[in-house]
Amino acid sequence: MDYLYFPGCTLYTKAKNLDQTARDCSRLLGFELKELPNWTCCGATFPLATDNIMALLPPSRILARARQEGTILTTLCAICFNVIKRTNRLIQNDGEKREKVNNFIELNYEGDLKILHYLEILKQEIGYSQVKERIRRPLTGLKAAAYYGCMLLRPFDEMGFDDKERPTLFEEFLESMGAVAVDFPYKIECCGSFQSVGSPEVATECSYKILGSAVKNRAEVVVTTCPLCTFNIDHKQAEIKQSHLDFNPIPVLYFTQLLGIAMGLDYQSLGFEQNYVDPLPLFKKKGLI
Amino acid sequence: MKIELNRNRVHNEFTKKVELISGQNLFACYQCGNCTAGCPVAFAMEVGPHEVIRYTLLGLEEEALTVNTFWLCASCLQCTSRCPKGIDIARVMDALRMVVLRKKDRKDYIQISEFPDGFLERVPQIAFISGFRKFLS
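Just so it is clear, the model here is predicted, and its values are computed rather than measured. (Residues numbered from 1 in each chain as written. Chains lettered and ligands numbered in written order. Predicted model: local features only at pLDDT ≥ 70, side-chain atom pairs only at ≥ 80, totals over all residues. Heavy atoms only, no water.)

J.: Describe the sheet that holds strand S6 (residues 180-182) of chain A, listing the residues and the values that go with them.
T.: Strand pairing in a sheet takes place through backbone hydrogen bonds and is either antiparallel or parallel in direction. Residue and element names in this part refer to chain A. Pairing within the open sheet is parallel, and its 4 strands lie in the order S6-S5-S7-S8. The sheet is open, and its two edges are formed by S6 and strand S8 (252-254), each paired on a single side. In this sheet, neighbouring strand axes are inclined to one another by 40° on average, regardless of whether the strands run parallel or antiparallel. With 3 bridges joining them, strand S5 (residues 143-146) and S6 adopt parallel strand pairing. (Pairing = 2+ DSSP bridges. Helix = DSSP H or I, 4+ residues; strand = E, 2+ residues; numbered from the N terminus. Axes fitted to C-alpha atoms, helices over the stretch in contact; angles between N-to-C directions.)

And the structure:
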């Protein structure tokens, strides 16, 4: 089966490694990610001001076009997932906004798409047991910390992804690959998000706390689903090191990169050159490459 | 900071504007401080989110709009998910940003021309797009 796929802006540039590895893993698992034609940026924020209709238009247009192609839409980026899923729900439930938005985009969309994150596809549609069967290189003994961040989970009643304070869906995924899932208290804390543009030092501090908490709980690698989280907790490690001398760099990977390793893909095709902290020494130490 | 309270200012035009944009009823807040306790960026805020909500309810426009609290909010919705009174606090913070950004003098929180060298090449566009929507008029 094929799934309609919305990549989002960053997956074509700074997060090519997330996009490419997800496509490669899908093929091995027996499905294709069918990219939406003519997609645009989703806006990267769900408008919290209730009168901001303009910000609803890009995600609505994406949804309306996707509906012409199929019934399930999947994304990889946690922010795209959040924006698209919340907009979909709003169009579904708010008749007045639906009419306004449809008049603007000159398309008719009723909010009847099902929005699933790639992790949800793996769990609900494919099944973690199937994922487990395709593992060629089990990640035995690798202590991996699943970092959810905020956008996959909140607002809880709209996203319906997993438990709001103690989610386990991501850890189950890591365990299906044979890894040891590390539980740590900062797994649902914010990385500072777009504050990396407004107040970079604040985002750096948030990232330090998250990584510090993961390391304290003996994680060897932190796994993410979001290009912005990854920028904050991976690419800002140089800044963290400057402000915290006790800090030791730790590899941060996209969940699909780790899946690629576990499914036996050539590590040179997994885009590790885009990761700031090189994970290859760790993989060598663990006998995974 | 000395703050003068005046009953004629409580729930004034400013408060109503914030309530209208955010869609939230600020009278629901009973100042438990759960939002501030769970906020990941509270360490850098001049006053906590619950205090800004109180300023706003009391009609203290200047006090509410001159602190850095709502600019530092990352819209992570931790406060929203933990508020025992069901207030969507992140929406209130966004409404305060909007009140400032929609004024005629357009006081943007960030200036693109002041980004350090190499910043535009290094930071992913996802951060710029969401950041610009939150910080620019």
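J.: Describe the pairing of strand S2 (residues 32-35) of chain A, listing the residues and the values that go with them.
T.: Residues and elements named next belong to chain A. As judged from the 4 bridges shared by strand S1 (residues 2-6) and S2, these two strands associate in the parallel manner. Of the residues in S2, the one forming a bridge with Asp2 is Glu32. Crossover handedness for the path S1 to helix H1 (residues 16-29) to S2: right-handed. (Right-handed = clockwise from strand over helix to strand, strands pointing away.)

J.: Please set out helix H3 (residues 78-93) of chain A residue by residue, giving values where relevant.
T.: All names here are of chain A. The end-to-end C-alpha distance of H3, which contains 16 residues, comes to 22 Å, matching closely the 22 Å that a straight helix rising 1.5 Å per residue would cover. Most of H3 sits out of view: 12 of its 16 residues are buried. Taken as a whole, H3 has its buried residues at Ala78, Ile79, Cys80, Phe81, Asn82, Val83, Ile84, Lys85, Arg86, Thr87, Asn88 and Ile91. (Expected span 1.5 Å × (residues − 1). Buried < 20%, exposed > 50% of the residue type's maximum accessible area, 1.4 Å probe, protein only.)

J.: Run through the pattern of salt bridges, naming residues and quoting values.
T.: All names here are of chain A. One pass over the structure, following the stated rule, counts 23 salt bridges over all chains. When the shortest N-O distance is used, the salt bridge between Arg27 and Asp24 registers 3.3 Å. Remark: Asp24 and Arg27 occur in helix H1; sequence separation between them is 3 residues, near one turn of the helix. Overall, the relative accessible area of 45% leaves Arg27 in the partly exposed class. For Asp24, a relative accessible area of 17% corresponds to the buried category. Several salt bridges converge on common partners, so that one network encompasses Arg166, Glu171, Asp183 and Lys187. (Salt bridge = Lys/Arg side-chain N within 4 Å of Asp/Glu carboxyl O.)

J.: Quick one: what's the story with the sheet that holds S2 of chain A, residue by residue and with numbers?
T.: Residues and elements named next belong to chain A. Taking strand neighbours across the sheet as the criterion, the 4 strands line up as S2-S1-S3-S4 in an open arrangement whose pairing is parallel. Two strands in the sheet have a free side with no partner beyond their single neighbour: S2 and strand S4 (114-117). Neighbour-to-neighbour, the strand axes of this sheet turn through a mean angle of 45°, independent of strand direction. Sheet strands touched by helix H5 (residues 118-126): S1, S2, strand S3 (72-75) and S4. Its angle to S4, the strand with the most contacts, is close to 95°. (Contact = heavy atoms within 4.5 Å.)

J.: A description of the nonpolar core should follow, citing residues and the corresponding values.
T.: Membership of the largest hydrophobic core comes to 152 residues, with the highest contact counts inside it found for Leu73, Leu122, Phe173, Leu174, Leu258 and Leu259 of chain A. For this core, the element with the most residues is helix H7 (residues 89-101) of chain B, which contributes 10 residues. Both of domain 1 (2-118) and domain 2 (128-285) of chain A provide at least three residues apiece to this core. Here Leu174 of chain A is in contact with Ala144, Ala145, Ala146, Ala179, Ala181, Val223 and Leu258 of chain A, once residues within four sequence places are set aside. Judged by nonpolar contacts, the second largest core, of 6 residues, contains Val202 and Cys206 of chain A together with Cys39 and Val41 of chain B. (Core = buried A, V, L, I, M, F, W, Y, C linked by side-chain atoms within 4.5 Å. Domains from an automatic or database assignment.)

J.: Please provide a residue-by-residue account of the packing of aromatic side chains, values included.
T.: The description of two aromatic rings rests on the distance between their centres and on the angle between their planes. Residues and elements named next belong to chain A. Summed over all chains, the structure comprises 23 aromatic pairs over all chains. Measuring from centroid to centroid gives 5.4 Å for Tyr12 and Trp39, while their planes differ by 65°, and the two rings are edge-to-face. Remark: Trp39 occurs in the loop between S2 and helix H2 (57-69) and Tyr12 occurs in the loop between S1 and H1; sequence separation between them is 27 residues. Take Tyr12: its relative accessible area is 40%, and that puts it in the partly exposed class. Trp39 gets classed as partly exposed once you look at its relative accessible area, which sits at 21%. (Phe/Tyr/Trp six-rings, centres within 6.5 Å; stacked < 30°, edge-to-face > 60°.)

J.: Run through the interface of chain A and chain B, naming residues and quoting values.
T.: In this assembly, 45 residues from chain A lie in contact with 44 residues from chain B. Around 3700 Å² of area is buried between chain A and chain B when both sides are counted, 61% of it from carbon and sulfur atoms. Along the contact surface separating chain A from chain B lie 3 salt bridges. The partner of Arg122 of chain B in a salt bridge is Glu239 of chain A, and the shortest N-O contact between them spans 3.0 Å. The interface formed by chain A and chain B holds 20 residue pairs in polar contact (both at pLDDT 80 or more) in total. Elements with a contribution of two residues or more to the side of chain A that touches chain B: H3, helix H9 (195-198), helix H10 (200-216) and helix H11 (227-235) of chain A. (Buried area = accessible area lost by both parts, 1.4 Å probe. Polar contact = N/O pair within 3.5 Å; in protein donor to acceptor, adjacent residues only side chain to side chain.)

J.: Quick one: what's the story with the domain arrangement of chain A, residue by residue and with numbers?
T.: Residue and element names in this part refer to chain A. If you check the domain split of chain A, you get domain 1 (2-118) and domain 2 (128-285). Summarising the inter-unit geometry, the C-alpha centres of domain 1 and domain 2 are found 23 Å apart. At the junction of the two partners, domain 1 supplies 25 residues and domain 2 supplies 26 residues. When the buried surface of domain 1 facing domain 2 is broken down by residue, Asn17, Leu28 and Leu29 rank first, second and third, together holding 23% of it. Counting across the interface, domain 1 meets domain 2 through 1 salt bridge. At the junction of domain 1 and domain 2, the tally comes to 11 residue pairs in polar contact (both at pLDDT 80 or more). Elements with a minimum of two residues in the side of domain 1 that touches domain 2: H1 and H3.

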